[in-house]
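Architecture at a glance
Given next are the chains, with one letter for each unit.
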Amino acid sequence: MAPARLGLAMLAASALSLLAGAPALSATMHARHHARHASHHVGRHTYRRAHLHAHHHSSAAASGTCTNSELRPSRDDLALIRTATLCLVNRERTARGELALQANARLEAAAQAHTESMAFGDYFEHAGPGGQTLMDRMRSSGYIHSSRVGFAVGENIAWGTGELASPRAIVAAWMASPGHRANILDGHFRDTAIGVSPHPPTSLAHGASGGIYTQDFGVITHG
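Residues numbered from 1 in each chain as written. Predicted model: local features only at pLDDT ≥ 70, side-chain atom pairs only at ≥ 80, totals over all residues. Heavy atoms only, no water.

1. Examining helix H3 (residues 105-121)
In a regular helix each residue adds 1.5 Å, so 17 residues correspond to 24 Å; H3 covers 23 Å between its end C-alpha atoms and thus fits that length. Among the residues of H3, those classed as buried are Leu107, Ala110, Ala111, Gln112, His114, Thr115, Met118 and Ala119. Buried residues in H3 make contact with helix H2 (78-94), helix H4 (134-140), strand E7 (150-161), strand E8 (191-197) and strand E9 (210-222). A side-chain oxygen of the first residue of H3 lies 3.0 Å from the backbone nitrogen of Arg106; this N-cap is Asn104. Once H3 finishes, Asp122 follows within two positions and takes phi at roughly 55 degrees, a positive value. (Helix = DSSP H or I, 4+ residues; strand = E, 2+ residues; numbered from the N terminus. Expected span 1.5 Å × (residues − 1). Buried < 20%, exposed > 50% of the residue type's maximum accessible area, 1.4 Å probe, protein only. Contact = heavy atoms within 4.5 Å. Polar contact = N/O pair within 3.5 Å; in protein donor to acceptor, adjacent residues only side chain to side chain.)

2. Let's talk about the state of the cysteines
Within this structure, the stated rule accounts for one disulfide. The disulfide bridge from Cys66 ends at Cys87, spanning 2.0 Å between sulfur atoms. The chirality of the disulfide connecting Cys66 with Cys87 is left-handed, given an S-S dihedral of about -80 degrees. Here Cys66, found in the loop between helix H1 (44-55) and H2, pairs with Cys87, found in helix H2; they are 21 residues apart in sequence, far enough to count as distant. Among the residues examined, Cys66 registers a relative accessible area of 3% and is labelled buried. (Disulfide = S-S within 2.5 Å.)

3. Structural notes on the pattern of salt bridges
All chains considered together, the criterion is met by four salt bridges. A salt bridge links Glu155 to Arg137, with the shortest nitrogen-to-oxygen separation between them at 2.8 Å. Taken as a pair, Glu155 in strand E7 and Arg137 in helix H4 lie far apart in primary sequence, 18 residues in all. Glu155 gets classed as buried once you look at its relative accessible area, which sits at 0%. (Salt bridge = Lys/Arg side-chain N within 4 Å of Asp/Glu carboxyl O.)

4. Considerations on the nonpolar core
Residues Leu101, Val171, Trp174, Ile184 and Tyr213 are the most contacted members of the largest nonpolar core, which totals 21 residues. For this core, the secondary-structure elements that each account for two or more residues are H2, E7, helix H5 (167-175), helix H6 (178-185), E8 and E9. Considering every element that reaches this core, the biggest residue donor is H2, with five residues. Aside from chain neighbours lying at most four places away, what touches Val171 is Thr85, Leu88 and Val89. If you look at the next biggest cluster of nonpolar residues, it comprises 10 residues, including Met135, Met138, Ile144 and Ala193. (Core = buried A, V, L, I, M, F, W, Y, C linked by side-chain atoms within 4.5 Å.)

5. Digging into the environment of Thr214
Within the secondary structure, Thr214 is located in strand E9. Excluding residues that lie within four positions of it along the chain, Thr214 makes contacts with Ala111, His114, Thr115, Met118, Glu155, Asn156, Ile157, Ala193, Ile194 and Gly195. At 2.8 Å, the side chain of Thr214 forms a polar contact with the side chain of Thr115.

6. Considering the packing of H2 against H5
The geometry of H2 relative to H5 is characterised by a closest axis approach of 9 Å and an angle of 35 degrees between their N-to-C directions. Handedness of the crossing formed by H2 with H5: right-handed. Together, Ile81, Ala84, Thr85, Leu88, Val89, Arg91 and Glu92 of H2 and Pro167, Arg168, Val171, Trp174 and Met175 of H5 make up the contact between the two elements. A class-by-class count of the residues in the contact of H2 with H5 yields eight nonpolar, one polar and three charged. (Axes fitted to C-alpha atoms, helices over the stretch in contact; angles between N-to-C directions. Left-handed = near helix turned anticlockwise from the far one by under 90°. Nonpolar A, V, L, I, M, F, W, Y, C, P; charged D, E, K, R; others polar.)

7. Considering unusual backbone geometry
With the exception of glycine, most residues fall at negative phi, and the peptide bonds are largely trans. For Asn68, which is not a glycine, the phi torsion comes out positive at approximately 65 degrees. The phi angle at His206 is positive, at roughly 55 degrees, despite the residue not being glycine. For His206, the location among the structural elements is in the loop between helix H7 (202-205) and E9. The class of His206 is exposed, set by a relative accessible area of 63%.

8. Digging into the pairing of E7
Counting buried positions along E7 gives 12 out of 12 residues, so the element sits mostly inside the fold. Here E7 shows a buried face lined by Gly150, Ala152, Gly154, Asn156, Ala158 and Gly160 and a second buried face lined by Phe151, Val153, Glu155, Ile157, Trp159 and Thr161. Strand direction decides the pairing type here: E7 and E9, joined by 12 bridges, are antiparallel. Across the sheet, Phe151 pairs through a bridge with Ile220, a residue of E9. (Pairing = 2+ DSSP bridges.)

What follows is the structure, given as structure tokens:
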């Protein structure tokens, strides 16, 4: 039997790393936009703040149980998977004094669409086959609803097979990677959503069962 696999890539390094039985993820760094500026910028200062903030706290989540965190994605349990993943992420945040993230329907539309695009398009990247970016998806879903709003957004993606496709395994892998951890613990973010499919990219998972995840993060700061 083939070993369970978990996939990660770091967008900032433009590299994809696949390690059998070990974490492999992907995270965008935070894109920030203010209404007075036409471009968005990588928020490296925000990454440093989140990383240093987390350094002084235990990596253990707050007490309590997130039900269904060991489930593996299937067509019948995607809502349960989303709820369990958000529960685990919010445990990590609240254990460090950050506010819990709130589920957002427009972010879910963006995250789910990208997840299914990766699953059935057989790729693992933040950019879609036509070059669609996270910012494009945020605008198409209506989350970034005007060129005049201020915002901060981020995205984590991961795929896994076997037991490494569960919400617990995915969130643990994100938390073990500085860039993904920074997105999860960023105190600026208020909204989130999880997209999930029970079809990891075929060429990466070699046909094994599992799942692929996208978690989008955001906050509208004004406008």
